[in-house]
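# Remarks on the overall topology
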Amino acid sequence: MQLSLVNALLRPRAHLGLRASRTFSTAPVNFSRRTVPKSCIASVVTSSPLCNSWLYRRCYSVVAQRKPAVPHSLKPQFFSANAFHGAAQTSQLPVLAPPAVGRWLLFSSAMVFAVIVMGGVTRLTESGLSITEWKPITGIIPPMNAEDWSVEFEKYKATPEFKLLNHSITLDEFKNIFYMEWGHRVLGRLIGITFVVPLAYFGLRKKLTTSMPIQLTGMALLLGFQGFLGWYMVKSGLEDSIMDTPGAVPRVSQYRLAAHLGTAVVLYAGMLGTGLAAIKDWRYARGGSWSGSSTMNWQNVLSNPVVKRFSRLSKGLSALVFLTALSGAFVAGLDAGLLYNEFPLMGGRLAPPMDELFSFAYAKNADGSDIWWRNIFENPITVQFDHRVLAMTTYLSTCLLFAYSRRPAIRALLPPLASKSVTAAFAMANVQVLLGLATLLYLVPVPIAAAHQAGSIALLSTMVHLLVSLRRPGLAAQAWRKAGMQTKGSGL
């Protein structure tokens, strides 16, 4: 019995390549570590005469050193296959855009921001009419030799801008304005490529939420239309009819310029807002906080009448910021910033005389029925006055919204990110007012004027972030979060 037990103790070592001594019996023994406790085995063995022998010490060490097999439980890992096994199948949940989609959209919005600023510099340096043709494909390659430059320069010499303003320009000076416009166009094409190609990739890989394909496809179409609109704008400054108008200055149509800028701003806001929403939805779906708060319930916050009112005010202010930026395009298109370079007065009074604001010289109908709207959009004095009024209204509205958000009762209801966004908007509004005043008082210097245009987009960015921080999570994010909470609750 004792020898059989020792033989049984040796048998578990067989899988390690050790052979039992042939002195002992090799008859099979029904022995299991799960049914015989280690303490029992030790007591039996120690009672044997062999307890002091080397064989006992070796066999006992084998048993003592072997650790019982403990089954490892599969801890639920959120967004893993095991996490939703038995609670919710991943394939049954709606598609949730990964962070890569959000980062791509934020990168695209940054490029649109850059092209907006570059377009402003192109306008301020009067470089926009240097390229007289629109070649979407071959236009990417600039002139490569002296002959190519000579051909482009001859084309520019035929334009009204050269004949009326730049008739003494040299070839080297022409190259400077050419490269400015060329860089603006190439950057626009690059934006199209970096947007459409990833859009196709994410669409084919089914990485977009249900509403994203329509939204992003609309943005892609708007990008293509933006290229055509840019050429349509430039073409308005190349028409020979300008030569027949006494006192006319070669410039692009302010209507087309405003449409070109407005489309770019809409694209920027759409990309920025969609990218921020995608990243925040992903974090929320993985159990993260909503709008910077881990204690607030977004259903309760957004259903509060006070927060609803704050949200409506924020949307109204965002629209006002956009309208003010759009009016700036009319100021730039008509060079209205070169008039009344003083503030807050205009010619020693708060507003110019009525005969200047609504001059009959701008009416084209015989009965003067179009005097109102034509002065608003075509009279440089009226355009600057309107921009001043809109700018000050935007600034005061931003200050009031910031002061409203600082009230203790309102501050306690708003999520942290919303409060931070309002503060950022207020700070940016102050910077933007200073840039606008500097642009006006110093007769529109290019660096300050370009910073002023960039400041308007930065102010709009803070408002977009404010609106995103007051939005409810997407349906896909809600479904994923609910599934994750159910999985954690079931203990899978």
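Residues numbered from 1 in each chain as written. Predicted model: local features only at pLDDT ≥ 70, side-chain atom pairs only at ≥ 80, totals over all residues. Heavy atoms only, no water.

## A few points about the overall build of the protein
Going by this rule: By definition, any uninterrupted DSSP run of H or I lasting at least four residues is a helix, any uninterrupted run of E lasting at least two residues is a strand, and each is numbered from the N terminus. Working definition: with a 1.4 Å probe on protein chains only, accessible area under 20% of the residue-type maximum means buried, over 50% means exposed, and in between means partly exposed. Surface accessibility follows the Shrake-Rupley procedure with a 1.4 Å probe radius. Residue values consider only the protein chains on display as shielding.
For the protein, the count of helices and strands is 18 helices and zero strands. For the protein, buried positions account for 43% of its 492 residues. Of the roughly 26,600 Å² of accessible surface on the protein, a fraction of 63% belongs to carbon and sulfur atoms.

## Let's talk about the side chain of S318
Spelled out, the test is: Here, residues are in contact when the closest pair of their heavy atoms is within 4.5 Å.
Mapped onto the elements, S318 comes out in helix α11 (residues 305-333). Each residue touching S318, except ones within four places of it in the same chain, is listed here: L460, M463 and L467.

## So, the environment of M354
Position of M354 relative to the elements: it lies in helix α12 (residues 354-357). Note: C-alpha distance between M354 and T382 (28 residues apart in sequence) is 9.7 Å.

## Here we look at the nonpolar core
Going by this rule: Throughout this description, the term nonpolar core refers to a set of buried Ala, Val, Leu, Ile, Met, Phe, Trp, Tyr and Cys residues connected via side-chain atoms within 4.5 Å.
Grouped together as the largest cluster of nonpolar side chains are 74 residues, with contacts concentrated most on V101, W104, I116, F195, L216, F310 and L466. Examining the composition of this core, we find that 13 residues originate from one element, helix α9 (residues 254-285), more than from any other. Here L466 is in contact with F310, S314, L401, A418, S421 and V422, once residues within four sequence places are set aside.

## Examining the packing of aromatic side chains
Geometry of an aromatic ring pair is reported as the spacing of the ring centres plus the angle between the planes. For clarity, the threshold we go by: Pairing of aromatic rings covers Phe, Tyr and Trp, the last through its six-membered ring, and needs centres within 6.5 Å; plane angles under 30 degrees mean stacked, over 60 mean edge-to-face, and all others mean tilted.
Within this structure, the stated rule accounts for 23 aromatic pairs. Ring centres 6.0 Å apart and planes at 50° place the aromatic pair F113 and Y268 in the tilted group. A residue pair is termed long-range when its members are at least 10 positions apart, and F113 in helix α4 (residues 99-124) and Y268 in helix α9 qualify at 155 residues. For Y268, a relative accessible area of 7% gives the class buried. Taking the centre distance of 5.1 Å and the plane angle of 75° together, the rings of W149 and F178 count as edge-to-face. Placement of W149 in helix α5 (residues 146-157) and of F178 in helix α7 (residues 171-204) is noted, with a sequence separation of 29 residues between them. On the basis of relative accessible area, F178 is assigned to the buried category, the value being 4%.

## Considering α9
Cut-off, in case you're wondering: For a helix, the expected span equals 1.5 Å multiplied by the number of residues minus one. Each polar contact in these results corresponds to two N or O atoms within 3.5 Å; when the atoms are within protein, one needs to be able to donate a hydrogen and the other to accept it, and residues that are neighboring in sequence are counted only if both atoms are side-chain atoms.
Between its first and last C-alpha atoms α9 spans 46 Å; for 32 residues at 1.5 Å apiece the expected length is 46 Å, and the two agree. Most of α9 is tucked away: 25 of the 32 residues are buried. Capping the start of α9, S253 holds a side-chain oxygen 3.3 Å from the backbone nitrogen of Y255, two or three residues further along. The positive-phi residue at the C-terminal boundary of α9 is G287, with phi of around 95°.

## So, the confidence of the model for the protein
Quick reminder of the rule: Note on scores: pLDDT gives the predictor's confidence for each residue, bounded by 0 and 100.
Of the residues in the protein, 81% reach a pLDDT of 70 or more, and the chain-wide mean stands at 86. A low-confidence stretch, residues 1-64 stays under pLDDT 50, and its non-local contacts, those more than four residues away or across chains, total 47 contacts.

## Digging into unusual backbone geometry
A cis amide bond, omega 5°, links F343 with the succeeding residue P344. With respect to the helices and strands, P344 occurs in the loop between α11 and α12. Although it is not a glycine, V444 sits at a positive phi angle of roughly 55°. Relative to the assigned elements, V444 resides in the loop between α16 (416-441) and α17 (446-469).

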